[in-house]
Amino acid sequence: DAGVTQSPTHLIKTRGQQVTLRCSPKSGHDTVSWYQQALGQGPQFIFQYYEEEERQRGNFPDRFSGHQFPNYSSELNVNALLLGDSALYLCASSLLGANEQFFGPGTRLTVL
Amino acid sequence: ELKVEQNPLFLSMQEGKNYTIYCNYSTTSDRLYWYRQDPGKSLESLFVLLSNGAVKQEGRLMASLDTKARLSTLHITAAVHDLSATYFCAVDVDDGAQKLVFGQGTRLTINP
């Protein structure tokens, strides 16, 4: 049983560009959450998707948007990239209402 | 706004010694999580604490939760080098919605 998978593993972009990160949840999970982890910091909640809709959102600007597909996989899109968007982006999946979520390996985004 | 504070942020200790990491949070919650992160890696779930007085143990690690004091502890017994990592606590701010607020992390180094 595959766990949470993310792609790509690493990504380098320049300021002003747009990026799309992808996540496939653990088998049987229906909820996907995204977190941003800057170097040396704890992860910060970006948003959560359930039934193809954004269910919860953290304190991130509208440049950060997402999508969930009928197969529960999810994308995170970031527009107009800033240097400060450089971070490890983690996807976590769970069953709605469950007590635990499982994290993927992350995508490391570098903005130059 | 919920704040989660860990201390210490950095901890260097010798093998065989005992130590405790503290996690304080600023609002009512009875769902607290501990994660381990190795350098460049994702988050590994260690403990899920779901009620006041909950205590869980796995190997040399033991976690507890006091919801009245808004305090969780992660106790390390007879530390070994393999436990060197960064440890994060996280609080679910929305009663099971899996919207986690993380502490800053405690970077633990265990020296032979």
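My aim in this report is to walk through the structure given alongside it, one point at a time.

Observations regarding the state of the cysteines
Summed over the entire model, instances satisfying the criterion amount to two disulfides over all chains. Between the sulfur atoms of Cys23 of chain A and its disulfide mate Cys91 of chain A the distance is 1.8 Å. Since a negative S-S torsion denotes a left-handed disulfide, the Cys23 of chain A-Cys91 of chain A link at about -55° is left-handed. Of this pair, Cys23 of chain A sits in strand 3 (residues 19–24) while Cys91 of chain A sits in strand 9 (residues 87–94), placing them 68 residues apart in sequence. In this structure Cys91 of chain A comes out as buried when scored by relative accessible area, which is 0%. Covalently, Cys23 of chain B is tied to Cys89 of chain B through a disulfide, its sulfur atoms 2.1 Å apart. The sign of the 80° torsion about the S-S bond sets the Cys23 of chain B-Cys89 of chain B disulfide as right-handed. Of the two residues, Cys23 of chain B sits in strand 3 (residues 19–25) while Cys89 of chain B sits in strand 9 (residues 85–92), which places them 66 residues apart along the sequence. Taking relative accessible area as the criterion, Cys89 of chain B reaches 0% and is therefore assigned buried.

Here we look at the pattern of salt bridges
Here the idea is simple: oppositely charged side chains can pair when their charged atoms come close. All names here are of chain A. For the coordinates displayed, the defined rule picks out four salt bridges over all chains. Linking Glu54 and Arg57 is a salt bridge whose minimum nitrogen-to-oxygen distance equals 3.0 Å. Look at Arg57 and you get partly exposed, because its relative accessible area is 25%. A salt bridge links Asp85 to Arg63, with the shortest nitrogen-to-oxygen separation between them at 2.9 Å. Of this pair, Asp85 sits in the loop between strand 8 (74–78) and strand 9 while Arg63 sits in the loop between strand 6 (53–57) and strand 7 (64–68); the two residues are 22 residues apart in sequence, bridging distant segments of the chain. As far as burial versus exposure is concerned, Asp85 and Arg63 are alike and both buried.

So, how was this worked out
- Residues numbered from 1 in each chain as written.
- Chains lettered and ligands numbered in written order.
- Predicted model: local features only at pLDDT ≥ 70, side-chain atom pairs only at ≥ 80, totals over all residues.
- Heavy atoms only, no water.
- Disulfide = S-S within 2.5 Å.
- Helix = DSSP H or I, 4+ residues; strand = E, 2+ residues; numbered from the N terminus.
- Buried < 20%, exposed > 50% of the residue type's maximum accessible area, 1.4 Å probe, protein only.
- Salt bridge = Lys/Arg side-chain N within 4 Å of Asp/Glu carboxyl O.

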